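One letter stands for each residue in the lines below.
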Amino acid sequence: MDNNIQERNSQVIGETEDMNEVLKVRRQKLRELQQNGKDPFKIVKYDVTSSSKEIIDNFEAMEGRHVSVAGRIITKRGMGKASFCHIQDRDGRIQLYVRIDAVGQEAYEDFKKYDLGDIVGAKGEVFKTHMGEISVKVNEITLLAKSLRPLPEKWHGLRDTDLRYRQRYLDLIVNPDVKNTFITRSRIIKEIRKFLDDRGFLEVETPLLNTIPGGANARPFITHHNTLDMDLYLRIAPELYLKRLIVGGLEKVYEIGRMFRNEGISVKHNPEFSMMEIYEAYTDYKGMMELAETLISTVAQNVLGTMKIMYQGQEIDLTPPWTRMTMAESVKKYTGVDFGLIKDVEEAKKIATSKGVEVPPGLTVGEIMYLMFETFVEENLIQPTFIYDYPIEISPLTKKKPDRPELTERFEIFIYGREMGNAYSELNDPIDQRERFIKQVQKREAGDEEANMMDEDFLTALEYGMPPTGGLGIGIDRLVMLLTDQYSIRDVLLFPTMKPRD
RNA sequence: ACGCCAUUAGCUCAGCCGGUAGAGCACCUGACUCUUAAUCAGGGUGUCCGGGGUUCGAGUCCCCGAUGGCGUACCA
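Residues numbered from 1 in each chain as written. Chains lettered and ligands numbered in written order. Predicted model: local features only at pLDDT ≥ 70, side-chain atom pairs only at ≥ 80, totals over all residues. Heavy atoms only, no water.

Student: What exactly am I supposed to notice about the overall build of chain A here?
Tutor: Tallying secondary structure elements over chain A gives 17 helices and 19 strands in all. At 29 Å, chain A has a C-alpha radius of gyration far larger than the 23 Å of a compact globule built from 502 residues. On the principal axes, the C-alpha backbone points of chain A span a range of 90 × 55 × 50 Å. By residue count, 48% of the 502 residues in chain A fall in the buried class. Of the roughly 25,600 Å² that chain A leaves accessible, carbon and sulfur atoms contribute 50%. If the 69 positive side-chain charges of chain A are averaged to one point and the 81 negative ones to another, these points end up 6 Å apart. (Helix = DSSP H or I, 4+ residues; strand = E, 2+ residues; numbered from the N terminus. Rg over C-alpha atoms; globule rule 2.2 N^0.38 Å. Buried < 20%, exposed > 50% of the residue type's maximum accessible area, 1.4 Å probe, protein only. Areas by Shrake-Rupley, 256 points an atom, 1.4 Å probe, with all protein chains shown as cover. Lys, Arg positive; Asp, Glu negative; His and termini not counted. Charge placed at Lys NZ, Arg CZ, Asp CG, Glu CD.)

Okay, here's the thing in structure tokens:
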């Protein structure tokens, strides 16, 4: 960058009028190093033999051995001709003991000028101090990067959520729990892949740029392709592509990836989020229930070592089998209203209204039941529960129940009152699917921006024949929240969507 | 989108009834060869989120705006 060159050439590197003392001092220190031919930024590599954790975990074997370590200085205690500091590397912290008689006078004078936040490499001998802390007695220390900004406070860390999300790197440096959450997130996803790969599923990738966004009811983001001179949508779900792959004979596929929904932001919603969808030919939603409970409980066992987890102070037992309830049963259980006995919309509306639910005009019996479910049931579903047999009106891609055409073979997973997953026996009848799309298009024309668009290419695929298939979608972020005991989705996303500051 | 709350030093925070801004850590100077929130002596480094207004006087009161958190709505 031109600016950089200008700054380097200027009298004081990158220094501006409004800079505070700390910033000025650090730039001054860097300039002195550069003038003395000790520019840390000219160093391109440093050979590291051991991490902090390796040394601490294997002290018996490592004691007296010569090691090379590297990391960021996060504490520093000088006592004249000897000093202690801790450096932090990828998996922990280790103390360095730096003595003038071990590193030499010049190196020690340089070391005294190192700041918290600087990146150093050190070579020395593993030992234990009089106070019993495993440390490295340093005989050579090298500055590998100068930190020009002070770190947040060592004792309280970085609390300001705004800064934590915007400057996640600082959050990761000073709040160790945050790092652990993201390490756990990575392990969860790895275990999911292992689970599915071991069962013969093929991981695939389908387009993020869609000409027709489908597979969910949500408002999409719109973008533009210049050469084609056409608008494209960011995907809201991979469903319709994955089913095309089932038509194509791949039979067992899954995709883990980012979805984009142009909706509100909350403690449970981010505009871009990760979802997994799984499709398996020749099975149905009951098969998906078994797969879902086995998958989630196995991942918990392998990552956390238990199926009984704590979430927000509440014990949640993920051990299969999970409770299974139809939506009608659940509504009856929590409200006393038996939708099996309700004959028409008027009656449903009257009952819902008597329970204090405001019913918008134009709803069907099924939609009113779903409204009752959302209002009175969801929040009670703390332990893992499958709610199944959803009204057809809200399930445009799902097979009807053979004996109850107003219901579909669909379930959702609820844990801690939150929707964690969604699955169904996939609709493979192209004639029925076309009718459902037409209904969705009518809703859309009536102003429902979240209703599906007609997807002729998808219908063509179905017309070639799709086997009976079970499909399952699981929100990765919400699963990670559950398994890492995080209240907000922003705490499981490294860089949650934020408005820019002015 | 609406409501409530927050925003003061690099970070974590205090600041009363409106009287001209403070602590700890960090930082600077000095001492100190086993410290670990090192210690000891000295030093305050600030667009009080921004813009208006009321007032002799605003970090403090009023209005508008920004960002964030929470709640509601939205989100199968």
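Past the structure itself, the notes keep going.
Student: Which parts of the structure should I look at to understand unusual backbone geometry?
Tutor: With glycine set apart, most residues show a phi of negative sign, and most peptide bonds adopt trans. A cis geometry characterises the amide bond from P320 onward to P321, with omega recorded as -5 degrees. A positive phi is found at D389, a non-glycine position, where the angle reads about 65 degrees. Looking at the element boundaries, D389 is found in strand β15 (residues 385–391). A positive phi angle is found at D485, which is not glycine, with a value near 55 degrees. Considering the arrangement of structural elements, one finds D485 in the segment after α17 (476–484). A residue is classified by how much of its surface remains accessible, and D485, at 33% relative accessible area, is partly exposed.

Student: In this structure, what is going on with the packing of aromatic side chains? I would like to understand it.
Tutor: Two numbers describe a pair of aromatic rings. These are the distance of the centres and the angle of the planes. Applying the stated criterion across every chain yields a total of twelve aromatic pairs. Measuring from centroid to centroid gives 5.9 Å for Y97 and F127, while their planes differ by 35 degrees, and the two rings are tilted. One end of the pair, Y97, is in strand β3 (residues 92–99); the other, F127, is in strand β4 (residues 119–128), and 30 residues separate them in sequence. The exposure classification of Y97 matches that of F127, with both residues buried. These aromatic residues form a ring-pair network of at least three members: Y370, F373, Y390 and F414. Geometry around Y241 places R244 over its ring, the cationic atom sitting 4.9 Å from the centre. Of note, K252 hangs over the ring of F201, and the distance from its end group to the ring centre comes to 4.9 Å. (Phe/Tyr/Trp six-rings, centres within 6.5 Å; stacked < 30°, edge-to-face > 60°. Lys NZ or Arg CZ within 6 Å of the ring centre and 35° of its normal.)

Student: Looking at this structure, how should I read the sheet that holds β4?
Tutor: The pairing of strands in a sheet comes from backbone hydrogen bonds and takes either a parallel or an antiparallel form. In spatial order, the strands read β1-β2-β3-β5-β4; together these five strands close into a barrel with mixed pairing. The mean inter-strand angle of the sheet, taken between neighbouring strand axes irrespective of direction, is 55 degrees. Alignment of β4 against strand β5 (residues 134–145), held across ten bridges, turns out to be antiparallel. Within β5, the residue paired with K128 across the bridge is I134. (Pairing = 2+ DSSP bridges. Axes fitted to C-alpha atoms, helices over the stretch in contact; angles between N-to-C directions.)

Student: Just checking my understanding: could you explain the environment of M466 for this structure?
Tutor: Along the polypeptide, M466 turns up in the loop between α16 (456–464) and β19 (469–475). On the basis of relative accessible area, M466 is assigned to the buried category, the value being 5%. Remark: the alpha-carbon pair of M466 and G248, spanning 218 residues in sequence, is separated by 8.4 Å. In contact with M466, other than residues within four places in its own chain, are K243, I246, V247, E426, L427 and N428. (Contact = heavy atoms within 4.5 Å.)

Student: Explain helix α6 (residues 105–113) here, please?
Tutor: Given 3.6 residues to a turn, an α-helix orients residues that are three or four positions apart in the same direction. For α6, the full list of buried residues reads Y108, D110 and F111. An end-on view of α6 places all buried positions within 160 degrees of arc, on one side of the element. Turned more than 90 degrees away from the buried face of α6, the exposed residues are Q105 and E106. Buried-residue contacts for α6 involve β1 (66–78), β2 (82–89), β3, α5 (100–103) and β5. (Arc of directions from axis to C-beta.)

Student: What am I meant to see in the sheet that holds strand β8 (residues 222–225) here?
Tutor: Reading across from one edge, β7-β9-β8 is the order of the three strands in this open sheet, with antiparallel pairing throughout. Every other strand in the sheet has two partners, leaving β7 (209–210) and β8 as the edge strands with one partner each. Two elements, β7 and strand β9 (residues 230–234), share two bridges in a ladder whose sense is antiparallel. Residue pairing for β9: L209 is matched across the bridge by L234.

Student: Explain the pairing of β8 to me, please; I cannot follow it from the model alone.
Tutor: Along any regular strand the residues' side chains alternate between the sheet's two faces. Two elements, β8 and β9, share four bridges in a ladder whose sense is antiparallel. If you follow T223 over to β9, its bridge partner there is L232. Linkage of β8 to β9, two consecutive antiparallel strands, is achieved through a turn of four residues, within which D229 is found at a positive phi near 50 degrees.

Student: Explain the packing of helix α10 (residues 239–247) against α16 here, please?
Tutor: The geometry of a pair of packed helices is captured by two quantities: the angle between their axes and the separation between those axes. Running from amino to carboxyl end, α10 crosses α16 at an angle of 25 degrees, the nearest separation of the two axes being 9 Å. Judged by the inter-axis angle, α10 sits roughly parallel to α16. Of the two possible hands of crossing, α10 and α16 adopt the one that is left-handed. Residue-level contacts link L240, K243, R244 and V247 of α10 to D457, F458, A461 and Y464 of α16. (Parallel < 35°, antiparallel > 145°, perpendicular 65-115°, else oblique. Left-handed = near helix turned anticlockwise from the far one by under 90°.)

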